[in-house]
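A look at the structure
The residues making up each chain are set out below.
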Amino acid sequence: MTTTVAAVVMCAAALWWSAERARALRRARLVLALPAGTGVLLRPAAARRWWHVVRGRREWWCLPVAAVCALLGASPLPLLAGAVAVPLVGRGLRGAQRRREQEARAARVVDLCGAVAGELRAGWQPAPALAFAARTTGALGGHEAAVLAAARFGGDVPEALRRAARRDGADGLAGMAACWQVAVDGGAGLATGLDRLEAALRAHRDQQEKLRAQLSGAWATVAVLAVLPVAGLGLGAALGARPLWVLLHTPAGLGCLLVGGALEAVGLWWAARIVRGGERL
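In what follows, the accompanying structure is described.

Rules used in this analysis
Residues numbered from 1 in each chain as written. Predicted model: local features only at pLDDT ≥ 70, side-chain atom pairs only at ≥ 80, totals over all residues. Heavy atoms only, no water. Helix = DSSP H or I, 4+ residues; strand = E, 2+ residues; numbered from the N terminus. Buried < 20%, exposed > 50% of the residue type's maximum accessible area, 1.4 Å probe, protein only. Contact = heavy atoms within 4.5 Å. Areas by Shrake-Rupley, 256 points an atom, 1.4 Å probe, with all protein chains shown as cover. Patch = residues over 30% accessible without salt bridge, like charges linked within 9 Å, V, L, I, M, F, W, Y side chains within 5 Å. Salt bridge = Lys/Arg side-chain N within 4 Å of Asp/Glu carboxyl O. Disulfide = S-S within 2.5 Å. Arc of directions from axis to C-beta. Polar contact = N/O pair within 3.5 Å; in protein donor to acceptor, adjacent residues only side chain to side chain. Expected span 1.5 Å × (residues − 1). Core = buried A, V, L, I, M, F, W, Y, C linked by side-chain atoms within 4.5 Å. Phe/Tyr/Trp six-rings, centres within 6.5 Å; stacked < 30°, edge-to-face > 60°. Lys, Arg positive; Asp, Glu negative; His and termini not counted. Charge placed at Lys NZ, Arg CZ, Asp CG, Glu CD. Axes fitted to C-alpha atoms, helices over the stretch in contact; angles between N-to-C directions. Parallel < 35°, antiparallel > 145°, perpendicular 65-115°, else oblique. Left-handed = near helix turned anticlockwise from the far one by under 90°. Nonpolar A, V, L, I, M, F, W, Y, C, P; charged D, E, K, R; others polar.

Observations concerning the overall build of the chain
Helix and strand content of the chain: 12 helices and 0 strands. Its helices and strands taken in sequence order, the chain reads α-α-α-α-α-α-α-α-α-α-α-α from the N to the C terminus. Across the 281 residues of the chain, 30% fall into the buried class. Across the chain, every contact between residues at least 6 apart in sequence was considered, and the portion connecting residues at least 24 apart equals 56%. By element, 65% of the accessible surface of the chain is carried by carbon and sulfur atoms, the whole surface being about 17100 Å².

Shown next as structure tokens:
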């Protein structure tokens, strides 16, 4: 028990130190305009608690949960599992964040097509219409300067739009580049082509949202599969069976924990893979 408490204290101290150091580095980069990755270490404010820093890094909460499990089970094994879970959970959270950014970027591209078409119908020329719509919607991101420069000074606007379309979620810009190319080379109406492109992109987004809504039940099933082992441990503890002690301090329990954990991980991965495959259809 003493070893477990010492391990928990050391883990909490390491988490506090790493969180305070990350906060100090971010503050130094903001104040001194240092590039990311600069190894500057400032003395952290002693009055700040570590959770004020890690609240934006949700994967670090695996360690306190593991520490509680380690205390309840009187074993350092949950701490090791928590340390292993931190990068895995962080990877999953970053992937979810990238998907949200991709969806938001796709929505901004749809808004850009509609805004440019509206400005063209209001009597604006293509270059000023694109400049105004791009600044309003922010759909071009870091490629905005290159695209607007090409539009203002007679450059290759379709090629600039195709380069901007290489970002995840910005595929609609490739269609906008094709509309621009046809309008310049063939004399077709740019506003009409953008209207059709906007309608197609909106229809695709609506279809994705409907599919995601239909798959919400499958995601609920995956969540239930993830919670069932925890519910079983809680039920066993309520009945006085001491499931944590059995799993962490007996050979049969350790074997069941390893096999069950592996099967649970494989099952969750396979179920999530099936659901994500349905989302991509």
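Additional details are given in the paragraphs that follow.
Focus on a nonpolar patch on the surface
Together, Leu-77, Leu-80, Leu-254 and Leu-257 make up an exposed nonpolar region whose accessible area comes to about 320 Å². Looking at the nonpolar patch, the elements that each hand over two or more residues are α4 (77-121) and α12 (251-279). By the element assignment, Leu-257 lies in helix α12.

What about the state of the cysteines?
Here is the idea: a disulfide is a covalent bond, and it sits between the sulfur atoms of two cysteines. Taken as a whole and assessed by the stated rule, the structure comprises 0 disulfides. Cys-179 takes part in no disulfide bond, and the closest cysteine sulfur to it belongs to Cys-113, at a distance of 7.4 Å.

Looking at helix α7 (residues 157-164)
Those residues of α7 not exposed but buried are Val-157, Pro-158, Ala-160, Leu-161 and Ala-164. One face of α7 carries all of its buried residues, which in axial projection span an arc of 160°. The backbone nitrogen of Glu-159 lies 3.3 Å from a side-chain oxygen of the residue at the head of α7, namely Asp-156.

What to know about helix α3 (residues 62-73)
If you check α3, its first and last C-alpha atoms are 16 Å apart, about what 12 residues at 1.5 Å a residue would give, namely 16 Å. One or two steps after α3, the chain reaches Ala-74, where phi turns positive at roughly 55°.

A short note on the nonpolar core
Counting 33 residues, the largest nonpolar core has Leu-112, Val-116, Leu-130, Leu-161, Leu-173, Met-176 and Leu-194 as the members making the most contacts within it. Elements supplying a minimum of two residues to this core: α4, α5 (126-137), α6 (144-152), α7, α8 (172-186) and α9 (190-214). Leaving out residues up to four positions away in the same chain, Leu-194 has contacts with Cys-113, Val-116, Ala-117, Leu-120, Met-176 and Cys-179.

Thoughts on the packing of aromatic side chains
Applying the stated criterion to the full structure yields 2 aromatic pairs. Their ring planes at 55° and their centres at 5.5 Å tell us that Trp-124 and Phe-132 sit as a pair that is tilted. Owing to a relative accessible area of 37%, Trp-124 belongs among the partly exposed residues under this scheme. A relative accessible area of 39% places Phe-132 in the partly exposed class. Here the aromatic rings of Trp-269 and Trp-270 are separated by 5.8 Å at their centres, their planes lie at 45°, and the arrangement is tilted. Accessibility expressed as a relative area gives 45% for Trp-270, which makes it partly exposed.

With respect to the side chain of Glu-144
Note on placement: Glu-144 falls in helix α6. No salt bridge is formed by the buried Glu-144. Its closest oppositely charged neighbour is Arg-135, at 4.3 Å. With near-sequence residues (within four places) excluded, Glu-144 lies in contact with Ala-134 and Arg-135.

A few points about a positive patch on the surface
Taken together, Arg-58, Arg-91, Arg-94, Arg-98, Arg-99 and Arg-100 make up a surface patch of like positive charges. If you trace the backbone, Arg-58 turns up in the loop between α2 (51-54) and α3. The exposure class assigned to Arg-58 is partly exposed, which follows from its relative accessible area of 48%.

What to know about the packing of α5 against α6
Two numbers describe a pair of packed helices, the interaxial angle and the distance between the axes. Packing of α5 against α6 brings their axes to within 9 Å, and their N-to-C directions diverge by 165°. Here α6 runs roughly antiparallel to α5, going by the angle between their axes. In this structure, α5 meets α6 at a crossing whose hand is left-handed. Of the residues in α6, those touching α5 at Ala-127, Leu-130, Ala-131, Ala-134 and Arg-135 are Glu-144, Val-147, Leu-148, Ala-151 and Arg-152. Of the residues assigned to the contact of α5 with α6, the class counts are 7 nonpolar, no polar and 3 charged.

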